[in-house]
Structures are given as structure tokens and as C-alpha cells.
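What follows is each chain in one-letter form.
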Amino acid sequence: MDDASPFPGPTLPVLDLPALHANHSGCWLRMRGGATNAVGKGEAIVTAADTPLLILNAPLVASRLGYPDLSGLDLLELYAFVHPARFVVPTPKGLAQALGLAQPTGDADVPLLLQQAAAALLAHCGAPDWAEREGAWTALQGLAKLRWAWAPVLATAIEKPARAERWLFSRLPEWEETAERPQPAQVDLLQADVLSQLDHITGHGSESRPGQQDYAARAAHIFAPRTARGAPHMLLAEAGTGTGKTLGYLAPASLWAHASGGTVWVSTYTKALQRQLRREARRVWSDSNRVVVRKGRENYLCLLNLEDALQGGFGGRAAILAQLVARWAAYTQDGDMIGGDLPGWLGTLFRQRGITSLTDRRGECVYAGCPHYRKCFIERSARASAEADLVIANHALVMVNAARGKDVALRPTRIVFDEGHHVFEAADSTFSADLTGAEAIELRRWVIGPEKGSKGRRRGLSARLADVASYDEAGARAIAAAREAAEALPGDGWLQRVVEGEPSGEIEQLLAAVRATTFARDESGGQEAGYGVETEAASLDGPFIEAALAAGEALAALRKPLIQLGLRLEAIMDEPPDWLDGQGRARIEGARSSLTWRVDLIAAWEALLARLSGPVDPGFVDWLAVDRADGREYDMGLHRRWVDPMQPFAATVLNGAHGVMMTSATLRDRAGDADWDQSWEGAVARSGAQHIEVTPEVAAFESPFDYANQAEVLIVTDIPRGDIPALAGAYGQLIEASGGGALGLFTAIRRLRAVHGRIADRMARNGLPLYAQHVDPIDTGTLVDIFRDDPHASLLGTDALRDGVDVPGDSLRLVIMEQVPWPKPSILHRARRLAHPQGGQAHDDRIIRARLAQAFGRLIRGRGDRGHFVVLSAAFPSRLLTAFPAGTPVVRCTLAEALQRLRAHASGGTSPLSQAESSAQSRNDCQNG
Ligand code: SF4
């Protein structure tokens, strides 16, 4: 195949290096100055081994070729260097779009496009208006020393600047200390003002949405002055997709923030909604400083870690990554590495671990002791949020801030929980205790520091607080005692020692007992299948209890000196020595706060162990587990969850708040036989309000969408459960019938991979690219970007995609669920089933209906959207059908009939419903559900 296509590329400049494109349907190679030819995988691999090739997304091409050692000149790396912090969808089409090049019309056009894109990027380096020029020449010198493949090519395109470039760390701006903010003024919002603000931010003259106006007016109530301590105004607002929730609550929130001088927190569960909120907030606040996205520390670049990586802490490819991250650090909006403006694909080009080790994951920050403290992204974001009108955060961070916030002024008091149906889950993990090997070794490293021979700048307590130790004898003794006690925690190689039956120290001995007991008792079938295994923490034998007691004593021996040390730090702060300057104070403050939460952590572990030999506490569920992936063990330990995690949530978040709104399209369970008004009962119980004796207001807003004409649910009844070839066949045919645009949802990774493996090549040959979570070496956010960008593409995934996908328009027109999404029968699930007031089945049904409703919610995102929702289930219980919005046609039918409906829809013209009616009436075997 040559390049005789309508692709207008050849007239543009090209970088005359060979280029390779490969996907599931084949490989295309364009040699120097030559034509593009379709080649076999073998030839592509041999050529790639001999010659450096231009490629796009090396890990993906490598996986398509089945040749993991593939290397070459990756256009994505070049893009990350030339345009750090700029968005691009990492596909040929996306690259063409970003660079203003003609889009390829077929696979055979792609190698030429790669040559053109390389030429365009290099030409940009010579252009006078290159916005990201500063720092490029210096970075290139570093990259040349690391033998980065692009370095010699770029060296010809980037001129040495006349004046030496500033070092990254001196270029970044410093944050300013500001005066403490007074408490917010007490304000009553007038409805007329709220509606006029809504009108203003939605755009004058925009179509009036009465539902949105009601919603905004109700949301305004949570901002009224509180009348009783510990009793916030609470509103549960269920609003169908399309109500316009975001601007609906931002209207009163912005008015209140402006009038009161206070901060409103909007909390989400997914990053997709955070991105959307950031966009929408621009319509409300023209001053971008008034809006801050706040995430956990582990999301941000730690400049000290980066400096360490640049100065030899990282080797090989990771060192190249560090240089590219340094380029990005100079241009990023806020230093957010996970879901911010660092391209999600950058980590996967170099292995994701490189990215995570540049963040502050392990709480080893030295605060004011850090030379970059005044430029630190984390510190800047914390300060900015204290000054902001609106803080966009996630549920877990809001809970952590409410529980551990050092500063009362920084605690959230007016909170909108969007995606409110996930607050329970977020509280469940926030208020949990997990004494596992992985958690315990982190604690050891925090106290003792890294073991000998490990790279990096991590230091233990004694190094971080060396000045305190030399000044305060009691403090020094406490540090030494903590260090000694931490030897009982697992060290490097713990997993191997435990698996081989040679544990060292009390905690490893406990983990060995956990492992032995779990494997002895587990009957889930997970052992054979290679999954994790678990057993309840009940009826444990004598030796186990002895191991638990010894571990508890070892933990207590560590907790005591840490408490002691905290007291000494407090004393030093109360009577500061002469040498303690402002920076020293900040460092000691930082150390105190991280000490406090570690002391709490150890106390929670001790409580968990103490209960093993005592009576059962009905408020908790405890179990032992060995975590495995593909049969390989990676962690093990004891776990504790609250039966009702909204209890601690109420005590820490609701109790201190003045106004709280929980909103979502799916707050209530749509149990068909219950009185509709009664169904608020479950939503209220799951809000935690009863634990602070508050009766929340409730409000429901119907979606403005015409589901009867926009969507159709097809329940395909002839695919037997567990029949993988039939399942894969059904997926393949459904995707073909709709011409792509399908989101396939699975409850098990194993089945997802099996289906993908069987159909990906066929789909690609038909021009229907198929991407998959857990298969393609691409992060989930980027997979969704790719899917959104190509209406012929389809995407397979698991839980994360059920919620986090917002793809309005034509790119998503079919959702396929492999089966009824039953909950996993875990020990925790069994305990919650038993605790449900209406019994186990009601508990399960609520979960399934919620999952179906969330998945269905992906399909129709706008008034113009149309599509099908297919569940492959021979025996779909009718009682679950209420999960779908009222009026949505539901049809039980065979696969053949489902395909007919999809084809009719794909060929245009008929709406799903009119098809459903005519087909349903004309067939005996196809009955309306
Ligand atoms: S202040 Fe802490 S998080 Fe910030 S750059 Fe320094 S060490 Fe890293």
C-alpha cells in the first residue's frame, strides 16, 4: 500500500526519518524518502530493532506488535518537551488536531503524518512565538547527557540563548503569606437575587429551565445562618441528568461567598466532574484566583523530590522523565500531576511509578526546612484555598480536612457534595483501619528512614528533627525510643520472608499468622482463580491471638514515644529558643501534625488488634485478607470498617458544618413497589443526618430529557452466563452494529480481557478501534479522551468507567453491560446485608439498581443524545427495571433482534422508541419489560 490517498500531506515539510504505525489491524512503515507500505509484524520489529523509527505512543505500539523492547523516537515525548502542560489526545488524529495538520484518512496515512508532525514540532522550536522556549535549551543539555533519542534531532532546532536561562527553581513564583481571614458574615440570600445570579451565569436570554431555577432556590437554603450548634442546614437534592445542577448550586454559592467573605467547598467523587466544575466556575468567577482545585498532597509535584531526581536520584528512562516533568513544572497551572495539566499519558511512556515518586506520597515533607518551601505547589494550593471563594475538592479530602485540619479557618463549613451517592463509599475508606504489610513498612520508613542502599532523599525522624534532638534531651530520647520500637515493623523484603515462613519482628509474625489463617479458611474459590482471599476475624486460635497481642504491644511501644515527642515539640513551640526562626516553627508545626495522624493511625491498629481477643463490637466489621493479582501476593493484613461509616462522617464533617448539600442524579433507590416519597428514607439514612439528629430537607427534580424518545434499554436474553465465546461474540456484533461508539462495562477484569482478546483484531480491521482499561498501557483519563475524540472507537472497562465518563454527543451511543452488576460477596458485604433493615435482598437490589442507574446515566448527557443500553442477561429480575428513568422503553429480546434495532438506529432516522414500539408489537418473543 502506498500513499496514494486524498491525504494532502506530501506537500508539507517532513522529518525524513522512517516512521511506523501499528494497531490491531496491521502495521504501516514509511522508509526515508519512500512510500508507505503495509508490513507484517515481523518486518516491523526487525526494522525497529535496526533503525530508530518515528512512532506515536511507544508502549501502545509495543503492545500491538507484541514486542515489549520497542524503542524509537516517540512523538509524544517530543510533544511533551515542546509543549509541556498542553493538552493533546495521544492518537494520530489528536496529534494532527493539536498541530493544525490535516487528519489522516486511514492507517496508511499515519506514518507520513508522524513525519510531518515531527517537522512541525521542530519548526516550532525555531519560531519566535514559541511560548515554552524558556528553559528548553538548558533542559536539552541535560537530556543529551542522558542520551535521549530526540536530543540530537532537537539540537539542530534549538539555538543557544544569548543569556543564560534561569534555573527552574528560581523561575517559579513564590506564594505570599496573607492575613488570617475573619469568620464569614451571616447572610440571608434572597430568592430574587439567586435567580438573577443564575440568569446571569447561564447567560441572559438562554433557554429558561424552571427545574434549574427551583434547584438553585432550594440550594440557597443551606447558606442560611445556622440556628443550633452541631446542626447544619442539610439538603438532599436528587436532580436528573440535564437539570443543570452545577450552575444551579454555583449561583447561590457564589452569591454567598461574595456577601459573606467565606469559602464554599464543592466536593466530587470523580476527576471528570472536577474538570467540568473548573470549566463552569469560569463562567461565575472571572478572577481565577477565587477558585481553587484542591487535592490530596499525593497529587502534587514535590519540588524537592524533583530536584533530587534531576541530580542523580533517578536513573535510565526515569531520569528523562524527570527532565520532561521539570519542563512541565515551569508551565503548569498548579503542579497537579494526577488529573491536572500533566498529560496522563506521560507516566505510561516511562512507567507510572516515576510520576508517583515525584509526588509527596509518604508524608516526608520537611516543610519550612525545604529550600523550595516558598514555591511549593502544595503549600501554594493550601494557602490559595484559604483565600478562595470556591474550593473544588474530592470527598476523601473534605473528610480528611474536617477530621485532621490543623487550622479551624481551613475546615470546610459550607459543603456541596456533588456525586453525593458516593459519599458513603468515600467515608467507608476514609474512616477505615488497615494494618497491612504495605502500610506498616511505610510507617517504619517514616520513623527510621529508608534502608541502607536505597536511593533518594528520604530521611527518618531523627534526621528531620536533628536540631530539636540536639536542643532538647527529652525530645532526643523520644526519637531514639521511637526508632528502636519501629524495628518491630516490617522492613524491606518482608513479603518474601512472610511467604517463606521466616518472619522477622512482631508485625511480620502477625502477618504470617494472617496469611496462614486466611488460606486455611477461605472457601471463596479465589485461591484457585488467583484472586485475593479473605476470612472473618472471628474464632481465631490461641497462637493467632498471641501474635496479635505481641503486635499490639509492639505498636503501643512505638506510639508512646511518638506522643512524647509531640509533647516536646509543643513545649518548644510554647517557649521557643532563640534559634527557632519562622521557618523552624513551620517545620515543627508540620512535624507535629504528621505525628498526630500517625499516633491516631497506630491507636486505630491497636484497637483493631485488641478486639480480636475480646467480645464482638457490632459497630464494626473486621477481617483478614491476602491481596493478590494474577495469583501473585502483594499485600496482607487486618482490616476494619464501620458497619455505618456515616457515623464517623457525621461526627467529623456534619457536626462542624453550617450548611451541607448532597446532590446527585441517583440519591434515592427506585424500588418499584415502595411509595415514592418513602424512598427518601434510605437516602436520608445514607446521609448520616440521623447521627446528629438533623432532619434534612429533601427535593427531587426530574430530568428534562425525553427518555422515551432518546433511549432504549435492551435486555438480551440468549447469552448464557459464563459462556465467554458467546459473550465476546455478542460484544463484537453489538459494536459492529452500532458502528462503534460503545462503552462496554464489566464486573471482572478477567472477562474484560478475554472479550477484548477475542474481538480487538476483528474490530480494528473493520475500522472500529477498541480500547480497554487493564489491557492497553494507557491511563483511564486518556482512554476516555481517546474514546471521546473518535466516534468510531469503543472502550471496555470496569467500575471507574461506570461513573467517571462524561461523553455527550455522538461518541457514546451504546452502553453494554456484560451481566447484572451483582455486588461482590465479600465479608464486608455480608455484614452490611445483615445490618440492612429490609433484609439482604433489599440491600443487594439497592446496590444493583444504583449501578445500573449510574451506568445508564453515561448514555444520555444532552438533549440531542440518543442511544441504547444493553444488558446481556438471560434472567434479568424485573424488580431491577425501576433503575432506569421513568418512561425509558425496556425490551427483552434475543441478540439478533437487538442487533436489528441497533443497525436501524445506526443507519439513521428512527428513534429508539419508535423502533421499540413497532418491533415489540410485531414479535412474540420480544416482550416489553
Ligand atoms: S515543602 Fe515539602 S512538598 Fe513542598 S517541595 Fe518541599 S519537601 Fe516537597
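Here the structure is a predicted model, which is why all the values come from computation and not from measurement.

Structural notes on the packing of aromatic side chains
Thinking step 1. Taken as a whole and judged by the stated rule, the model has 13 aromatic pairs.
Thinking step 2. Between the aromatic rings of Tyr707 and Phe856, the centroid separation amounts to 5.7 Å while the plane-to-plane angle is 50°, which identifies the pairing as tilted. You can see Tyr707 sitting in helix α31 (residues 707-710) and its partner Phe856 sitting in helix α37 (residues 840-857), a full 149 residues away along the chain. Like Tyr707, the residue Phe856 is buried in the burial classification.
Thinking step 3. Pairwise contacts between aromatic rings join Phe705, Tyr707, Phe856, Phe869 and Phe884 into one cluster.

Focus on the sheet that holds strand β12 (residues 533-536)
Thinking step 1. Taking strand neighbours across the sheet as the criterion, the four strands line up as β11-β14-β13-β12 in an open arrangement whose pairing is antiparallel. Every interior strand has two partners, whereas the edge strands, β11 (433-436) and β12, have only one. Averaged over all neighbouring strand pairs, the angle between strand axes comes to 20°, with direction disregarded.
Thinking step 2. As judged from the 10 bridges shared by strand β13 (residues 620-629) and strand β14 (residues 632-642), these two strands associate in the antiparallel manner.

Details of the site of the ligand
Thinking step 1. Within the structure, the ligand sits among 11 residues, and Cys302, Leu303, Cys365, Cys370 and Cys376 are positioned closest to it.
Thinking step 2. Its residues placed into classes, the shell around the ligand shows nine nonpolar, no polar and two charged.

Considering the confidence of the model for the chain
Thinking step 1. For the chain, the average pLDDT comes to 89, and 94% of its residues sit at 70 or higher.
Thinking step 2. Within the chain, strand β24 (residues 927-928) has the poorest average pLDDT of any element, 38, and strand β10 (residues 414-417) the best, 98.
Thinking step 3. pLDDT under 50 marks residues 1-6. Its contacts with residues more than four places away, or in other chains, come to 12 contacts.
Thinking step 4. Taken as a whole, residues 909-929 scores under 50 in pLDDT and shows 48 contacts with residues more than four places along the chain or in a different chain.

Description of the environment of Val784
Thinking step 1. Relative to the helices and strands, Val784 is located in helix α34 (residues 780-789).
Thinking step 2. Note: C-alpha distance between Val784 and Val807 (23 residues apart in sequence) is 8.3 Å.
Thinking step 3. The contact partners of Val784, leaving out residues within four places of it in the chain, are Leu795, Leu801, Val805 and Val807.

Considering the side chain of Asp789
Thinking step 1. Considering the arrangement of structural elements, one finds Asp789 in helix α34.
Thinking step 2. No salt bridge forms around the buried Asp789; measuring N to O, its nearest opposite-charge neighbour Lys93 is 4.1 Å away.
Thinking step 3. The contacts of Asp789, once residues within four sequence positions are left out, are Val89, Thr91, Lys93, Gly94 and Gln97.

Overview of the packing of helix α3 (residues 75-82) against helix α14 (residues 316-329)
Thinking step 1. Viewed as axis vectors pointing N to C, α3 and α14 meet at an angle of 35°, and their least axial separation amounts to 8 Å. When α3 is examined against α14, the residues Glu77, Phe81 and Val82 are found in contact with a partner set consisting of Arg317, Leu324 and Arg327.
Thinking step 2. Counted by class, the contact of α3 with α14 contains three nonpolar, no polar and three charged residues.

Details of helix α20 (residues 437-448)
Because an α-helix packs 3.6 residues into every turn, residues spaced three or four apart end up facing the same way.
Thinking step 1. For α20, spanning 12 residues, the distance from its first C-alpha to its last is 16 Å, which sits close to the expected 16 Å at 1.5 Å a residue.
Thinking step 2. Within α20, the full set of buried residues consists of Gly437, Ala440, Ile441, Leu443, Arg444, Trp446, Val447 and Ile448.
Thinking step 3. Backbone geometry just after α20 places Gly449 at a positive phi near 100°.

As for the side chain of His372
Thinking step 1. By the element assignment, His372 lies in the loop between α16 (352-356) and α17 (377-387).
Thinking step 2. In contact with His372, not counting residues within four places along its chain, are Phe169, Leu303, Leu304 and Glu307.

Brief notes about unusual backbone geometry
Thinking step 1. In the Ramachandran plot, Glu419 falls in the positive-phi region, its phi being about 50° despite a non-glycine side chain.
Thinking step 2. Notably, His774 is not glycine yet its phi reads approximately 65°, a positive angle.
Thinking step 3. His774 sits in the partly exposed class, given a relative accessible area of 34%.

Some points on the sheet that holds strand β16 (residues 697-701)
Thinking step 1. Sheet architecture is open: seven strands sit in the order β8-β9-β7-β10-β15-β6-β16, paired in parallel fashion. Strands with a single pairing partner mark the edges of an open sheet, and in this sheet they are β8 (291-293) and β16. Averaged over all pairs of adjacent strands, the angle between their axes in this sheet comes to 15°, without regard to strand direction.
Thinking step 2. Relative to strand β15 (residues 659-664), strand β6 (residues 233-239) runs parallel, the two sharing six bridges. When the sheet's bridge partners are listed, Leu235 is paired in β15 with Met661.
Thinking step 3. Across the sheet, helix α12 (residues 271-284) touches β7 (264-268), β8 and β9 (390-394), and the angle it forms with β9 is around 170°.

Describing the pattern of salt bridges
Thinking step 1. Per the counting criterion, the structure on display carries 40 salt bridges.
Thinking step 2. Of the charged contacts, one joins Arg171 and Glu134 as a salt bridge, the two residues approaching to 3.7 Å between their closest N and O atoms. With Arg171 in helix α8 (residues 168-171) and Glu134 in the loop between α5 (110-126) and α6 (136-145), the pair connects residues that are 37 residues apart, well separated along the chain.
Thinking step 3. We classify Glu134 as partly exposed; its relative accessible area is 32%.
Thinking step 4. Salt-bridge contacts for Arg833 lead to Asp844; the nearest nitrogen and oxygen are separated by 3.0 Å. One end of the pair, Arg833, is in helix α36 (residues 827-835); the other, Asp844, is in helix α37, and 11 residues separate them in sequence.
Thinking step 5. Judged by relative accessible area, which is 31%, Arg833 ranks as partly exposed.
Thinking step 6. If you follow the salt bridges from partner to partner, you end up with Asp428, Asp434, Arg641 and Arg832 in one network.

Topic: a positive patch on the surface
Thinking step 1. A cluster of basic residues, Lys271, Arg275, Arg279 and Arg282, forms a positive patch at the surface.
Thinking step 2. Mapping Arg282 onto the fold places it in helix α12.

Examining the pairing of strand β1 (residues 19-23)
Thinking step 1. Most of β1 sits out of view: five of its five residues are buried.
Thinking step 2. Bridge analysis of β1 against strand β2 (residues 26-30) gives five bridges, and the strand direction is antiparallel. Across the sheet, the residue bridging to Leu20 is Leu29, located in β2.
Thinking step 3. Once β1 ends, the chain turns through two residues before running back antiparallel as β2.

Rules behind the numbers
Residues numbered from 1 in each chain as written. Predicted model: local features only at pLDDT ≥ 70, side-chain atom pairs only at ≥ 80, totals over all residues. Heavy atoms only, no water. Phe/Tyr/Trp six-rings, centres within 6.5 Å; stacked < 30°, edge-to-face > 60°. Helix = DSSP H or I, 4+ residues; strand = E, 2+ residues; numbered from the N terminus. Buried < 20%, exposed > 50% of the residue type's maximum accessible area, 1.4 Å probe, protein only. Pairing = 2+ DSSP bridges. Axes fitted to C-alpha atoms, helices over the stretch in contact; angles between N-to-C directions. Near = heavy atom within 4 Å. Nonpolar A, V, L, I, M, F, W, Y, C, P; charged D, E, K, R; others polar. pLDDT = per-residue confidence, 0-100. Contact = heavy atoms within 4.5 Å. Lys, Arg positive; Asp, Glu negative; His and termini not counted. Salt bridge = Lys/Arg side-chain N within 4 Å of Asp/Glu carboxyl O. Expected span 1.5 Å × (residues − 1). Patch = residues over 30% accessible without salt bridge, like charges linked within 9 Å, V, L, I, M, F, W, Y side chains within 5 Å. Areas by Shrake-Rupley, 256 points an atom, 1.4 Å probe, with all protein chains shown as cover. Charge placed at Lys NZ, Arg CZ, Asp CG, Glu CD.

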